[in-house]
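Listed below are the residues making up each chain.
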Amino acid sequence: MLALLFPGQGSQSVGMARDAAERFAAARAVFETADEALGYPLSERCFEGPEEALVPTEVQQPAILATSIALLRSLEESGAALDRVAYVAGHSLGEYSALVAAGAVELADALRLVRSRGQYMQEAVPEGEGAMAAIVGCDLATVEAA
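Attention in this report is confined to the structure presented alongside it.

The rules behind these values
- Residues numbered from 1 in each chain as written.
- Predicted model: local features only at pLDDT ≥ 70, side-chain atom pairs only at ≥ 80, totals over all residues.
- Heavy atoms only, no water.
- Helix = DSSP H or I, 4+ residues; strand = E, 2+ residues; numbered from the N terminus.
- Buried < 20%, exposed > 50% of the residue type's maximum accessible area, 1.4 Å probe, protein only.
- Contact = heavy atoms within 4.5 Å.
- Areas by Shrake-Rupley, 256 points an atom, 1.4 Å probe, with all protein chains shown as cover.
- Lys, Arg positive; Asp, Glu negative; His and termini not counted.
- Charge placed at Lys NZ, Arg CZ, Asp CG, Glu CD.
- Core = buried A, V, L, I, M, F, W, Y, C linked by side-chain atoms within 4.5 Å.
- Salt bridge = Lys/Arg side-chain N within 4 Å of Asp/Glu carboxyl O.
- Patch = residues over 30% accessible without salt bridge, like charges linked within 9 Å, V, L, I, M, F, W, Y side chains within 5 Å.

1. Thoughts on the overall build of the protein chain
Counting its regular elements, the protein chain contains eight helices and two strands. Principal-axis analysis of the C-alpha atoms gives the protein chain an extent of 55 × 40 × 25 Å. Within the span of the protein chain, comprising 146 residues, buried residues form 33% of the whole. For the protein chain, long-range pairs separated by at least 24 residues make up 75% of all intrachain contacts whose partners lie at least 6 apart in sequence. Summing over all exposed atoms, the protein chain offers an accessible surface of approximately 8600 Å²; the carbon and sulfur share of this is 53%. With 9 positive and 21 negative side-chain charges, the protein chain shows a spacing of 7 Å between the two charge centroids.

2. Comments concerning unusual backbone geometry
Put simply, Gly49 and Pro50 share a cis peptide bond, and its omega is 5°. Within the secondary structure, Pro50 sits in the loop between helix H3 (42-48) and helix H4 (51-54). A positive phi angle is found at Ala17, which is not glycine, with a value near 70°. With respect to the element layout, Ala17 can be found in the loop between strand S1 (2-6) and helix H1 (18-23). Phi angles above zero are rare outside glycine, and Ser92 is one such case at about 55°. With respect to the helices and strands, the residue Ser92 is situated in the loop between strand S2 (85-90) and helix H6 (94-101).

3. Description of H6
Listed as buried for H6 are Gly94, Tyr96, Ser97, Ala98 and Val100. Contact partners of the buried residues in H6: S1, helix H5 (57-77), S2 and helix H7 (107-124). Just downstream of H6, Gly103 is the residue with a positive phi angle, here 80°.

4. So, the nonpolar core
Residues Phe31, Leu42, Cys46, Leu65, Ala66, Ile69 and Leu111 are the most contacted members of the largest nonpolar core, which totals 32 residues. Put simply, the parts of the chain that give this core at least two residues each are H1, helix H2 (25-38), H3, H5, H6 and H7. The leading source of residues in this core is H5, at eight residues. Contacts of Leu111, omitting those with residues within four sequence positions, involve Thr33, Ala34, Leu38, Pro62, Leu65 and Ala66.

5. Structural notes on the pattern of salt bridges
Applying the stated criterion to the full structure yields two salt bridges. A salt bridge links Arg112 to Asp109; the nearest nitrogen and oxygen atoms lie 2.8 Å apart. Here Arg112 pairs with Asp109, and both are found in helix H7, just three residues apart, close to one helical turn.

6. Some thoughts on a nonpolar patch on the surface
A cluster of nonpolar side chains, contributed by Ile135, Leu140 and Val143, occupies part of the molecular surface with about 280 Å² of accessible area. Mapped onto the fold, Ile135 is located in the loop between H7 and helix H8 (140-145). A relative accessible area of 56% means that Ile135 is categorised as exposed.

Quick look at the structure:
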């Protein structure tokens, strides 16, 4: 059995999935769907940037979703043995990619949903406010003391 794990927000970079879209019709179709569903050329922002155009949460989230599904469709088109996939999961935003991969949500619907999710997240915390920290290699007592 295999499991697929999809990444969350923050894993984006300019140029992501460009190679897959150039090589695989199925990947290109994902980005065509994304461009149409969102009403703007997400593919251009992913493939060409600039970075500033890819950073806003409302763009970043659909970009990561589209990239994840484009890479999955590329694997399928290349003949990868995905019939052994028994589980799909995602880290945070990646749960939407997992839902699309499992056939529970249509790609276009998921793209519109995560765009809204990103808009709401951005509205909840104004630009430049708030913070997040990852705690790695510490025991609970050290974290509680900090």
